[in-house]
Amino acid sequence: MELNRRTLIAGAAAAGVTAATSGTAHAKGGHRPVKSLFGRLADGTKIYSWSLQNGGTRLKVLSYGGIVQSLEIPDRRGRYTNVSLGFDNVEDYVSSSPYFGALIGRYGNRIGKGRFTLDGKAYQLSVNDGANSLHGGSKGFDKAVWDIEPFTKGSDVGLYLYYTSFDGEMGYPGTLRTKVTYTLTRSGDWRVDYEATTDKATVVNLTSHVYWNLAGEAGGTIYDHELSIAASRYTPVDSGLIPTGELAKVAGTPFDFRRTKSVGEDIRVAHQQLLYGKGIDHNWVLDKGITSRPQWAATLRDPSSGRTLRIATTEPGLQFYSGNFLDGTLVGTGGSVYRQGDALCLETQHFPDSPNRPSFPSTVLRPGQVYRSTTVHSFDA
């Protein structure tokens with residue numbers, strides 16, 4: 001049987017992290033999540049903030065979009081800062097957010113022309129990125145209000161997030177019941193476990209859209225951050241950023257991060273793929289493929305602070321986006337304006353446009369199956 005994530009047991013009870021992903025343990029001490037009112041939507045719906053702390057990591061999560069509103073970690077001298085871009089009010093998240101910190105669904109990344117065919121039936125999705133559908137359409141999971149339950153389990157603390165997407169929402173077939181678990185472990189890791197079931201065949205590709213700047217969310221450019229990605233191939237795109245279907249070698253291109261190099265080292269090279277993306281906005285084909293347990297995919301380090309992020313995942317792909325469309329019109333939580341290159345995203349995922357690419361790993365979920373995916377973020381300094 002071909003290995004795919006529908007048959008893997010990668011849920012919270014079964015999945016673990018290989019030793020290579022474990023960072024140095026921070027100071028212990030988990031605290032039960034604390035709930036507070038963050039704001040209200042235009043219709044009066046209350047949006048809450050949940051604050052978590054464990055193992056030296058501090059996390060704030062919103063019920064709107066499952067958004068990571070802030071994530072604080074210490075530098076080599078023990079000084080904390082928020083390393084995730086975001087806003088300090090609900091209104092900006094509703095009107096202006098380029099998916100800051102959000103949960104993404106039903107389908108992370110792009111689907112060409114917002115169309116796909118499944119079991120002989122054609123589906124037209126919400127189109128919100130030129131001619132394409134991006135991150136689930138005009139009202140994806142990033143704009144949903146999630147039900148949240150806090151938990152403590154042994155030395156871990158966390159949140160269960162629930163959302164039901166009904167049949168036909170944004171054009172997708174089937175009622176999808178989604179559960180996402182955010183866990184802060186005793187060593188300060190932020191673990192994300194995704195689960196979903198459906199009552200009709202559909203496509204699913206869930207991810208998290210945190211914008212990272214390890215120097216701090218107001219720390220300026222990330223071009224001096226050092227990055228390595230465990231991938232020998234990537235998926236080139238056309239002018240609409242839809243994969244061509246090729247799995248191209250990174251060797252000899254600006255997309256080669258098999259050895260650690262600065263994000264900005266090759267970002268201004270005159271390469272057609274960089275011109276299409278106005279920088280980097282591409283999916284890497286992880287060498288490890290789909291795995292039953294999270295395995296190392298990428299490491300990001302800020303030399304100035306020493307802060308390091310290691311990402312392990314069960315997913316076969318990683319979308320690296322270099323913040324190309326931050327245009328100086330958004331003011332973040334620290335009061336600074338966000339400009340191009342002030343953050344980057346490392347989104348663990350299946351590949352873009354997979355529903356239209358039979359050669360890509362399948363994103364089809366059927367009744368009776370359980371979608372499971374796990375990503376672990378480990379921090380060090």
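Above this text is the structure in question.
Visitor: Just checking my understanding: could you explain the environment of Trp296 for this structure?
Guide: As for its placement among the helices and strands, Trp296 is situated in strand 22 (residues 295–301). Sequence spacing of Trp296 and Asn213 is 83 residues, and the spatial spacing of their C-alpha atoms is 20 Å. A distance of 3.1 Å separates a polar side-chain atom of Trp296 from the backbone oxygen of Ala298. At 2.8 Å, the side chain of Trp296 and the side chain of Thr299 are in polar contact.

Visitor: What am I meant to see in the pattern of salt bridges here?
Guide: Between side chains of opposite charge, pairing is possible as soon as their charged atoms come close. Throughout the structure, instances matching the rule amount to 14 salt bridges. Between Arg191 and Asp193 there is a salt bridge, with the nearest N and O atoms lying 2.9 Å from each other. For the pair Arg191 and Asp193, one class covers both residues: buried. Notably, a salt bridge pairs Lys261 with Asp266, separated by 2.6 Å at the nearest N-O pair. Residues participating in the shared-partner salt-bridge network are Arg110, Asp129 and Asp281.

Visitor: Is there a simple way to explain the packing of aromatic side chains in this structure?
Guide: Throughout the structure, instances matching the rule amount to 21 aromatic pairs. Taking 5.5 Å as the distance between ring centres and 85 degrees as the angle between the ring planes, the aromatic pair formed by Phe100 and Tyr338 counts as edge-to-face. Of this pair, Phe100 sits in the loop between helix 1 (90–96) and strand 6 (102–104) while Tyr338 is found in strand 26 (residues 337–339), placing the two residues 238 residues apart along the sequence. With a relative accessible area of 0%, Phe100 lands in the buried category. Taking the centre distance of 5.7 Å and the plane angle of 55 degrees together, the rings of Phe255 and Trp284 count as tilted. On the criterion of sequence distance, the pair formed by Phe255 in the loop between strand 19 (248–249) and strand 20 (261–262) and Trp284 in strand 21 (residues 281–286) is long-range, its members being 29 residues apart.

Quick notes on the rules
Residues numbered from 1 in each chain as written. Predicted model: local features only at pLDDT ≥ 70, side-chain atom pairs only at ≥ 80, totals over all residues. Heavy atoms only, no water. Helix = DSSP H or I, 4+ residues; strand = E, 2+ residues; numbered from the N terminus. Polar contact = N/O pair within 3.5 Å; in protein donor to acceptor, adjacent residues only side chain to side chain. Salt bridge = Lys/Arg side-chain N within 4 Å of Asp/Glu carboxyl O. Buried < 20%, exposed > 50% of the residue type's maximum accessible area, 1.4 Å probe, protein only. Phe/Tyr/Trp six-rings, centres within 6.5 Å; stacked < 30°, edge-to-face > 60°.

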